[in-house]
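Spelled out, the chains give:
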Amino acid sequence: RAPLDNQISKMQASAFVFIAVALVGAHGTCDPEIINKIKTSWNGNPPTNIIQKLTGKITWLTSPSYYSNYSDDISCAQTTVDSTGAAKDFVYLGDTNAPSETDYQLQENEKGILQWEDDSSVLSNNMYVVYQTDNVLAYFQCQSTTPDAYEPYAGMAAVNIKDGDLDNSDALKADLQTGSEALNKLGLRPLEGLYTDCKF
């Protein structure tokens, strides 16, 4: 399977888009070395207005670590976000028409970082933004508390895209390429890519 940056250039018109990548990132909770690398890459200008840019619909292009054993069964993984940060995940497994749904509240308490609660109502989930535009998000996600419930991971997502954009938009492909390169510079690579048979 080809890395994300190679795969982007090979996207073909299809109802399914597969972006395959390998994991070479760190394990454990929020690794201070990785976090310092990300913050250094911001050059004193951490991403701002993260929730505002994510408002709408996020389509996840790479698997989160907690779904790594089921990534081949996921036909679509999306999240809706409103302007207050209220988020809802929709994950479709196989041919089912009824997605698994999860509600949570995103908070932007520190520039460059999104946080949300776990089951114990502690802000333990941290998403560090590595690259963000109006249509692309490259990030590193981890947990700040122990014991951790999942392995930390890097990922890629498309935001508020239209049907056919993943196949046909050269601008989106270039944007995804830039996001992939931003992760690569930090030694971060997403987990396995997802087929995306999603409704836009």
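The protein appears in an unreviewed UniProt entry as Lipocalin/cytosolic fatty-acid binding domain-containing protein from Homalodisca liturata.

**As for the nonpolar core**
Ranked by internal contacts, the top residues of the largest apolar core, which has 25 residues, are Ile38, Tyr128, Phe140, Leu176, Leu183 and Leu188. Listed by contribution, the elements that provide at least two residues to this core are α2 (32–41), β7 (125–132), β8 (136–143), β9 (153–159) and α5 (170–185). When near neighbours in sequence (up to four residues on either side) are disregarded, tyrosine 128 contacts Cys30, Ile35, Ile38, Lys39, Trp42, Gly112, Ile113, Ala138, Tyr139, Phe140 and Cys142. Core analysis: the next-biggest nonpolar cluster, separate from the first, contains 24 residues, Val81, Ala87, Met127 and Leu137 among them.

**Some thoughts on the pairing of strand β4 (residues 100–105)**
One ladder, built from 6 bridges, connects strand β3 (residues 86–93) with β4; its direction is antiparallel. Bridge pairing links aspartate 89 to threonine 102 in β4.

**A word on the state of the cysteines**
Summed over all chains, the structure comprises 2 disulfides. The side chain of cysteine 30 participates in a disulfide bridge whose partner is cysteine 142; the two sulfur atoms lie 2.0 Å from each other. An S-S torsion of about 95° defines the bridge between cysteine 30 and cysteine 142 as right-handed. One end of the pair, cysteine 30, is in the loop between α1 (4–8) and α2; the other, cysteine 142, is in strand β8, with 112 residues separating them in the sequence. We classify cysteine 142 as buried; its relative accessible area is 0%. In this model, cysteine 76 is linked to cysteine 198 through a disulfide, with the two sulfur atoms separated by 2.0 Å. Handedness here is read from the sign of the S-S torsion; for cysteine 76 and cysteine 198, about 115°, the answer is right-handed. Separated by 122 residues along the polypeptide, cysteine 76 in strand β2 (residues 74–81) and cysteine 198 in the segment after α5 bring together distant segments of the chain. Judged by relative accessible area, cysteine 76 falls into the buried class, the value being 3%.

**A few points about the sheet that holds strand β6 (residues 113–116)**
Overall, antiparallel pairing links the 9 strands, which are arranged β4-β3-β2-β1-β9-β8-β7-β6-β5 in an open sheet. In the strand order of this sheet, the two ends are held by β4 and β5 (107–110), each with one partner. The mean angle between the axes of side-by-side strands here comes to 30°, regardless of whether they run parallel or antiparallel. With 7 bridges connecting them, β7 and β8 associate as antiparallel partners. Note that in β8 the partner of glutamine 132 across the bridge is leucine 137.

**Digging into the side chain of glutamine 78**
Along the polypeptide, glutamine 78 turns up in strand β2. Polar contacts involving the side chain of glutamine 78 include one to the side chain of threonine 59, which spans 3.0 Å. Those residues in contact with glutamine 78 that sit more than four places away from it in its chain are Lys57, Ile58, Thr59, Trp60, Lys88, Asp89, Phe90, Cys198, Lys199 and Phe200.

**Some points on the confidence of the model for the protein**
A residue-level look at the protein finds 80% of positions with pLDDT of 70 or above and a mean pLDDT of 81. For residues 1–28, every residue scores under 50 in pLDDT, and the model assigns this stretch 75 contacts once sequence neighbours within four places are set aside.

**Thoughts on the pattern of salt bridges**
In total, this model carries 4 salt bridges according to the counting rule given. A salt bridge links glutamate 110 to lysine 39; the shortest N-O distance between them is 3.6 Å. Here glutamate 110, found in strand β5, pairs with lysine 39, found in helix α2; they are 71 residues apart in sequence, far enough to count as distant. Exposure remark for glutamate 110: the relative accessible area of 42% places this residue in the partly exposed category.

Basis of the calculations
- Residues numbered from 1 in each chain as written.
- Predicted model: local features only at pLDDT ≥ 70, side-chain atom pairs only at ≥ 80, totals over all residues.
- Heavy atoms only, no water.
- Core = buried A, V, L, I, M, F, W, Y, C linked by side-chain atoms within 4.5 Å.
- Buried < 20%, exposed > 50% of the residue type's maximum accessible area, 1.4 Å probe, protein only.
- Helix = DSSP H or I, 4+ residues; strand = E, 2+ residues; numbered from the N terminus.
- Contact = heavy atoms within 4.5 Å.
- Pairing = 2+ DSSP bridges.
- Disulfide = S-S within 2.5 Å.
- Axes fitted to C-alpha atoms, helices over the stretch in contact; angles between N-to-C directions.
- Polar contact = N/O pair within 3.5 Å; in protein donor to acceptor, adjacent residues only side chain to side chain.
- pLDDT = per-residue confidence, 0-100.
- Salt bridge = Lys/Arg side-chain N within 4 Å of Asp/Glu carboxyl O.

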